[in-house]
Amino acid sequence: MLFRSHDNVRAIVIEALGPFSPVQVSGDIVRALVAALNDPSVTVRTIAAQRLGKYSNALGQVVPALLAATKDASPAVRCNAIRSLEYSHSAQREIRASLVKAVQDPNSAVRACATEGLGALDSEDAVPILVTLLHDSEKEVRSKAASALAQLGPKAGPATDALAQELADQDPDIRRQASSTLGAIGSNARYATSALLRAVRDTSDTVRIEAAAALGQVADPTAAMPGLIAALRDSNAEVRRSAAKSLGLFEEHAQDAVPALSSATKDPDFTVREAAVNALSRIGGDKSKTVPVLVGALKDQADEVREAAAEGLTNVYLTSDDSEIIPPLLDALKDSNNSVRKYIANAIGQIGTSAALAVQPLIQALNDRDSGVRIAAADALGNIEIGRAHV
């Protein structure tokens, strides 16, 4: 009866079969959707191909039917069949073979769907094919290829050279995507460092942002630091923030960046200041250079910056030799931000016996409205007393 009805009626019925969960669905519903893949109506076949995705593991005949649908006369059906195959847990070899053929489809939308599908397979065997697709005539396919390589992460290392070449593409979106993908590949893409250093000076803001972020994931600190330090002076705040975050990822290897990051804690954009403060606390090193900067940031107008500075002070391993910063820490113990007060109490506790000046303020903090602050104050007082007992 269904297949003798009007096209629109069949389409409505097939669409109504889709909302069931794989647990609820019956074999009859799945078989009806499979049969609908041979419907004379393109609309019906398209909907059926789309709906079968969630049922691809429910019945043995679903995957073979979807594989056959990847050869349908309609690009829409082919594309939906390819997308639905991504849900399958079986027949991976057959699915891969079908996708390899589909990336050569004359229709660019189908090629894009197949390219995305190759990335979902999570197999490094797909890398050579995806590299070829980086040179597709259609921007959407090239973008999907870069995204698929990003999904593969370090496995996509062999694509580094091709992605580095994409950084010279005329389209800024492609350059941005290539930068992002190289970052996702990580240290396996370190040979793209020179290309990324050029990209961090790109005319496009979005390319510079992604290139600066990628350098923190990809590059050797010594090679990348000069370019990232220069990027801290970029006209775009997101580029400056991205550069600061990347420098922080180099941790103790980024000592040469401390002066530039210290200056960045005065940046007009609070997100840059926050990133610079976080970077300094991760880099560590000479406390005589970093601690005063972090203490100064406790007076920042932005909650996020003060919180980052307070947390940073707990990460630089304060000792009894740092007692000179107790007065500004006590000021910060009155901060309106709960997290700032908690971190400051923890920092005071690290100073130990030399923090005697902080005992009364910490006792008062035992009545703080925030339980985290009260716990941190109690711990700090305990550390001070334990320290005294060992003197």
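Residues numbered from 1 in each chain as written. Predicted model: local features only at pLDDT ≥ 70, side-chain atom pairs only at ≥ 80, totals over all residues. Heavy atoms only, no water.

### A few points about the overall build of the protein
If you tally the helices and strands in the protein, you get 23 helices and zero strands. Taken against the 2.2 N^0.38 rule, which gives 21 Å for 391 residues, the C-alpha radius of gyration of the protein at 29 Å runs more than 25% over that of a compact globule. Each principal axis of the C-alpha atoms in the protein carries an extent, and together these give about 90 × 50 × 35 Å. Each of the 391 residues in the protein was classed as buried or not, and the buried ones make up 52%. Accessible surface for the protein amounts to roughly 18,100 Å². Of this, 50% is attributable to carbon and sulfur atoms. Mean positive and mean negative side-chain charge positions of the protein (40 and 47 charges, respectively) differ by 4 Å. (Helix = DSSP H or I, 4+ residues; strand = E, 2+ residues; numbered from the N terminus. Rg over C-alpha atoms; globule rule 2.2 N^0.38 Å. Buried < 20%, exposed > 50% of the residue type's maximum accessible area, 1.4 Å probe, protein only. Areas by Shrake-Rupley, 256 points an atom, 1.4 Å probe, with all protein chains shown as cover. Lys, Arg positive; Asp, Glu negative; His and termini not counted. Charge placed at Lys NZ, Arg CZ, Asp CG, Glu CD.)

### Considerations on the pattern of salt bridges
In this structure the tally under the stated criterion is 18 salt bridges. Between R241 and E238 there is a salt bridge, with the nearest N and O atoms lying 3.8 Å from each other. Pair noted here: R241 and E238 are both in helix α15 (residues 237-249), with a separation of three residues, about one helical turn. You can call E238 partly exposed: its relative accessible area is 41%. The shortest N-O distance in the salt bridge between D267 and R240 comes to 2.7 Å. On the criterion of sequence distance, the pair formed by D267 in the loop between α16 (258-264) and α17 (270-283) and R240 in helix α15 is long-range, its members being 27 residues apart. When sorted by exposure, D267 lands in the same class as R240, which is buried. (Salt bridge = Lys/Arg side-chain N within 4 Å of Asp/Glu carboxyl O.)

### Observations regarding the side chain of T181
Relative to the elements of secondary structure, T181 occurs in helix α11 (residues 172-185). Those residues within four positions of T181 in sequence are excluded, and the remaining contacts are A146, S147, L149, A150 and L163. (Contact = heavy atoms within 4.5 Å.)

### A word on the environment of D269
Inspection of the secondary structure puts D269 in the loop between α16 and α17. Classification of D269 by relative accessible area gives partly exposed; the value is 24%. Separated by 21 residues in sequence, D269 and G248 place their C-alpha atoms 18 Å apart. Excluding residues within four positions of it along the chain, D269 makes contact with A237 and R240. Polar contacts involving the side chain of D269 include one to the side chain of T271, which spans 2.3 Å. (Polar contact = N/O pair within 3.5 Å; in protein donor to acceptor, adjacent residues only side chain to side chain.)

### Things to note about unusual backbone geometry
Even without a glycine there, the phi angle at D122 is positive, about 55°. As for its placement among the helices and strands, D122 is situated in the loop between α7 (108-120) and α8 (127-133). Overall, D122 belongs to the partly exposed group, its relative accessible area being 41%. For Y317, which is not glycine, the phi torsion reads 60° and is therefore positive. The residue Y317 is located in the loop between α19 (303-315) and α20 (326-332) in this model. Residue classification places Y317 among the exposed positions, given a relative accessible area of 67%.

### With respect to the side chain of R45
Mapped onto the fold, R45 is located in helix α3 (residues 42-51). Within the structure, R45 has its side chain in polar contact with the backbone oxygen of D39 (distance 2.9 Å). Leaving out residues up to four positions away in the same chain, R45 has contacts with A36, L37, N38, D39, P40, D72, S74 and V77.

### Regarding the packing of aromatic side chains
Inspection of every chain in the model, using the stated rule, returns zero aromatic pairs. A cation over an aromatic ring shows up here: K342 above the ring of Y343, its NZ or CZ 4.9 Å from the ring centre. (Phe/Tyr/Trp six-rings, centres within 6.5 Å; stacked < 30°, edge-to-face > 60°. Lys NZ or Arg CZ within 6 Å of the ring centre and 35° of its normal.)

### Re the nonpolar core
Judged by nonpolar contacts, the single largest core of 89 residues is most densely connected at L149, L247 and L261. Setting aside residues no more than four positions away along its own chain, L149 makes contact with V127, L130, L134, A156, A159, L163 and T181. Ranked by size, the runner-up nonpolar core spans 38 residues in total, among them I325, L333, A345 and L362. (Core = buried A, V, L, I, M, F, W, Y, C linked by side-chain atoms within 4.5 Å.)

### Some words on the packing of helix α14 (residues 221-231) against α15
Following both chains from N to C, one finds α14 and α15 inclined at 145°, their axes separated by 8 Å at the closest point. The handedness of the crossing between α14 and α15 is left-handed. Note on element contacts: α15 touches α14 through V239, R240, A243, S246 and L247, opposite M225, L228, I229 and A231. When grouped by side-chain class, the residues that make up the contact of α14 with α15 number seven nonpolar, one polar and one charged. (Axes fitted to C-alpha atoms, helices over the stretch in contact; angles between N-to-C directions. Left-handed = near helix turned anticlockwise from the far one by under 90°. Nonpolar A, V, L, I, M, F, W, Y, C, P; charged D, E, K, R; others polar.)

### A short note on the environment of K71
Mapped onto the elements, K71 comes out in the loop between α4 (62-69) and α5 (75-85). Along the primary structure K71 and A81 are separated by ten residues, whereas in three dimensions their C-alpha atoms are 9.2 Å apart.

### A word on the confidence of the model for the protein
Residues at a pLDDT of 70 or more form 91% of the protein, whose mean pLDDT is 90. Mean pLDDT in the protein bottoms out at helix α1 (residues 7-16), which sits at 52, and peaks at α15, which reaches 98. Considering only residues more than four positions removed or in separate chains, one finds that residues 20-24, a stretch of pLDDT under 50, has seven contacts. In this model, residues 387-391 is a region of pLDDT below 50 whose contacts with residues beyond four sequence positions or in other chains number five contacts. (pLDDT = per-residue confidence, 0-100.)

### Considerations on helix α21 (residues 338-351)
Between its first and last C-alpha, α21 extends 21 Å over 14 residues, near the 20 Å set by a 1.5 Å rise per residue. Those residues of α21 that sit buried are V340, R341, Y343, I344, A345, A347, I348, G349 and I351. N-capping of α21 is provided by N337, with a side-chain oxygen placed 2.8 Å from the backbone N of S339. G352, located one to two residues past α21, shows a positive phi value of around 70°. (Expected span 1.5 Å × (residues − 1).)

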